[in-house]
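Chains, contacts and geometry: an overview
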Amino acid sequence: MTATLTLALSKGRILQQTLPLLHRAGILPAAKLTSGRKLVFETALPHLRLVVMRGADVPTYVRQGAADMGIVGKDMLLEQGSEGMYEPLDLGIARCRLMTAAPLGWQPDGRRIRVATKFPAVARRFFAERGIHADVIKLYGAMELAPLMQLADMILDIVDTGNTLRANGMQPVDLVAEVSSRLVVNRATMRSRHDVIQELVMALSKALCEA
């Protein structure tokens, strides 16, 4: 019997934009993914199942082999690293930008800066590469609050429309990375089940062309 492959999907906006792509690729879940508390779903393909989880967890599941493949934002891969995974396909969905931002009129004065972010590893690399001394503060909620409460001078965060920045008297400063969702594959799975993985990659590639 052929072992079942597991594809991990990121919740939220990425999931909403992934579902039409999966449908065009012939990956049809046996039940609706966006309602109820169910997390694991069989599909119309006999040897593929889907599991829905937080995007931040997808790289860990794929890297450790608990999931064979995953769909996750590039921001998570930049933060957590892509060791143990291949990244064969940019799906081009859930596009946004990873940027630094600061209050209107703020200017660096050469001193150490404080940066609030959900992406501390990305922030440390970004500022170190530019020779800027930065104290990175890890937060989980709304980043825009940190400068307003004088916890930080700047933020590094995902920016979509920029409306939230403007509403809180802030402006984007530097582009850190363009972000879209990627298909990632466990390296061991790619070696052991190369043919079936390639078949799925080709189906998703074709579905992208049909969008």
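Residues numbered from 1 in each chain as written. Predicted model: local features only at pLDDT ≥ 70, side-chain atom pairs only at ≥ 80, totals over all residues. Heavy atoms only, no water.

This next bit is on the layout of surface pockets. Taken as a whole, the largest pocket holds about 650 Å³ of empty space. In this structure, the largest pocket is lined by 24 residues; those nearest its centre are Ala56, Asp75, Met76, Lys118 and Phe119. Mapped onto the lining of the largest pocket, the elements with two or more residues apiece are α1 (13-24), α3 (74-80) and β9 (154-159). For the lining of the largest pocket, the element with the most residues is α3, which contributes four residues. Class assignment for the residues of the lining of the largest pocket results in nine nonpolar, seven polar and eight charged. For the second largest pocket, the calculated volume is near 200 Å³. Surrounding the second largest pocket, 12 residues form its lining, Leu45, Leu48, Val196, Glu199 and Leu200 being those nearest its centre. It is helix α8 (residues 194-210) that contributes the most residues to the lining of the second largest pocket, four residues altogether. (1 Å grid on protein atoms, 1.4 Å probe; cavity = no way out; pocket = protein on both sides within 12 Å on 5 of 7 lines; lining within 4 Å. Points joined across faces, edges and corners; volume = space filled by probe spheres on them. Helix = DSSP H or I, 4+ residues; strand = E, 2+ residues; numbered from the N terminus. Nonpolar A, V, L, I, M, F, W, Y, C, P; charged D, E, K, R; others polar.)

Moving on, we get to the packing of aromatic side chains. Under the defined criterion, the tally for this structure stands at one aromatic pair. Taking the centre distance of 5.2 Å and the plane angle of 90° together, the rings of Phe126 and Phe127 count as edge-to-face. The burial state of Phe126 is the same as that of Phe127; both residues are buried. Here Lys38 stacks its cationic end above the ring of Phe41, 5.8 Å away from the centre of that ring. The positively charged end of Arg187 is found above the aromatic ring belonging to Tyr86, 4.2 Å away from the centroid. (Phe/Tyr/Trp six-rings, centres within 6.5 Å; stacked < 30°, edge-to-face > 60°. Buried < 20%, exposed > 50% of the residue type's maximum accessible area, 1.4 Å probe, protein only. Lys NZ or Arg CZ within 6 Å of the ring centre and 35° of its normal.)

Strand β6 (residues 96-103) sits mainly inside the fold: six of its eight residues count as buried. Judged from the seven bridges that link them, β6 and strand β10 (residues 170-179) form a sheet pairing that is antiparallel. Within β10, the residue paired with Pro103 across the bridge is Met170. Inspection of the sheet shows β6 paired to β9 by five bridges, in the antiparallel sense. Looking at the pairing, Arg97 lines up with Val159 of β9. (Pairing = 2+ DSSP bridges.)

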